[in-house]
Structures are given as structure tokens and as C-alpha cells.
Amino acid sequence: MSSADDELQPERTEGFKVGEKKTIDEYQQLDQNDESLRKWKESLGLGSGTPLSDPNDPRKVIIKSLGLEVEGRPDIIINLDSPHALDTLKSKPFSIKEGARFRMKATFKVQHQILSGLKYVQVVKRGPISNKMQEMIVLITLSIPFGHRQRTAGLTVTQGSYSPNTSDKPIHEKKFESETAPSGMMGRGHYNAVSKFIDDDNQTHLKFEWSFDIKKDW
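**Overview of the pairing of strand S5 (residues 115-125)**
Here comes step 1: Taking burial as the measure, the 11 residues of S5 include 10 buried ones, the bulk of the element.
Here comes step 2: Here S5 pairs with strand S9 (residues 189-198) via 7 bridges, running antiparallel. Pairing of Gln122 across the sheet is with Ser195, part of S9.

Shown next, in the form of C-alpha cells:
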């Protein structure tokens, strides 16, 4: 495993064990007389609408779009169905005004089975790798505390469980916690990031590089 892959490994919660995997049919047959269980299944969208899973596509998760919401500005949406979309993310940085509030968001489709413990892991860097230190990746959102030292910031957000999409709910959307962009002369500049979506089975569903510039003004 490369050092870049090591940085993107999500932290494991002490004592946490991945639950037993069940098929959609097995979930449907769970005690149907249990009201709380019924509501839990409804919250996942089980038994509602026509399934949209493509039998010719084995993927469990398809990330459809990535977006950036910046306070007071139009949303920036990258449609991942478009050719070369990931290349665009890497080569064309987002621009964010120093001190502005912003957050990432994503839309995705789940297929074939319940998806458990989907996480978004992100590592942001500025400057040469040899000058970096890495902060622990934790299961809460971290602000990016770039100050007078160059450093790496880690972010892992646990997204929880999602059922396969149906005609009643054709897409899932996740908005991440808001962040405040660095500010001041030392905070302004170019930042590179590597991100991925990974589940409790340690299966990576999407890994991509992107970048952003913190500027004094828009």
C-alpha cells in the first residue's frame, strides 16, 4: 500500500464490528409485526417504489455528482456522468474567498444491497509532501487549521446505511459539515486534496484528486 493510500485509510472505531450482511429479501422478512423495525425499514426506503438497480452493473455505489456550496455564491456542481469529469476536478481548482463558509456535497446511487457505513475520507495538503505532518483522521469533521506551518488535515464523515434507490427515491444526497476557509496572508494559496468514498467492508467506491485556491477576494 502506498503512503497516499495509508493517509486515506479511515480510522476504525474501538470495539466496532461490521454487522452481519443480509439481502434485501432478508431485510424485508424481518419481524413484520415489530413497529419500530417496520419504521426503521421505511426510513431506509425498503419496500417503496420500483428498484432501479442495473443487473448489468455490479457496482454497489455510483457517485453521480460532487458539489461545492459557498455562502453567498452559486453552487458548483461536477456531473460525474460527464466524460473527463474527474480530470476536470484535478486540473481546474475551485476558488474560495478567505474566511468564507463552504461545504462539499455529493449525490449517489445505491444498487443491489443495503450499503453500510459509507464514509467520505479527505486529505488536504499545501506545499511539498516532505514538509508535511499528518493529523489523525477522526469520525468528526475537522476545520482545516492551516496557519504559519504547512500541514495536512484529515476528514472522515460517517454517512451511515442506505438502501438501493427506487423510483420513489431515485438518488441519495449527502451534504457535509460546513467549513471556514483559512484567512490571512499565510492562509491564502493553493491546496491539493485527495478524497475517497469507502464503506465498512473497506471497499473504495470512488477515489479522486481535486484542488482549491483560497483568495483574498472572489
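**Some words on the packing of aromatic side chains**
Here comes step 1: Taken as a whole and assessed by the stated rule, the structure comprises 7 aromatic pairs.
Here comes step 2: Relative to Tyr162, the ring of Phe108 has its centre 5.0 Å away and its plane inclined at 90°; by these criteria the two rings are edge-to-face. Residue Phe108 is located in strand S4 (residues 101-110), and its partner Tyr162 is located in strand S6 (residues 153-162); the two are separated by 54 residues in the primary sequence.
Here comes step 3: The class for Phe108 is buried, based on a relative accessible area of 0%.
Here comes step 4: For Tyr162, a relative accessible area of 13% puts it in the buried group.
Here comes step 5: Members of the aromatic cluster, each reached through a chain of ring pairs, are Phe94, Phe102, Tyr191, Trp210 and Phe212.
Here comes step 6: Looking at Arg73, its charged tip hangs above the ring of Trp218, at a distance of 4.4 Å from the centre.

**Considering unusual backbone geometry**
Here comes step 1: Positive phi values are uncommon outside glycine, yet His112 reaches one of about 75°.
Here comes step 2: Looking at where His112 falls in the secondary structure, it is placed in the loop between S4 and S5.
Here comes step 3: The phi dihedral of Asn202 is positive, around 65°, even though this residue is not glycine.
Here comes step 4: Looking at the element boundaries, Asn202 is found in the loop between S9 and strand S10 (204-215).

The rules we used
- Residues numbered from 1 in each chain as written.
- Predicted model: local features only at pLDDT ≥ 70, side-chain atom pairs only at ≥ 80, totals over all residues.
- Heavy atoms only, no water.
- Buried < 20%, exposed > 50% of the residue type's maximum accessible area, 1.4 Å probe, protein only.
- Helix = DSSP H or I, 4+ residues; strand = E, 2+ residues; numbered from the N terminus.
- Pairing = 2+ DSSP bridges.
- Phe/Tyr/Trp six-rings, centres within 6.5 Å; stacked < 30°, edge-to-face > 60°.
- Lys NZ or Arg CZ within 6 Å of the ring centre and 35° of its normal.

Purely geometric numbers; function is a separate question.
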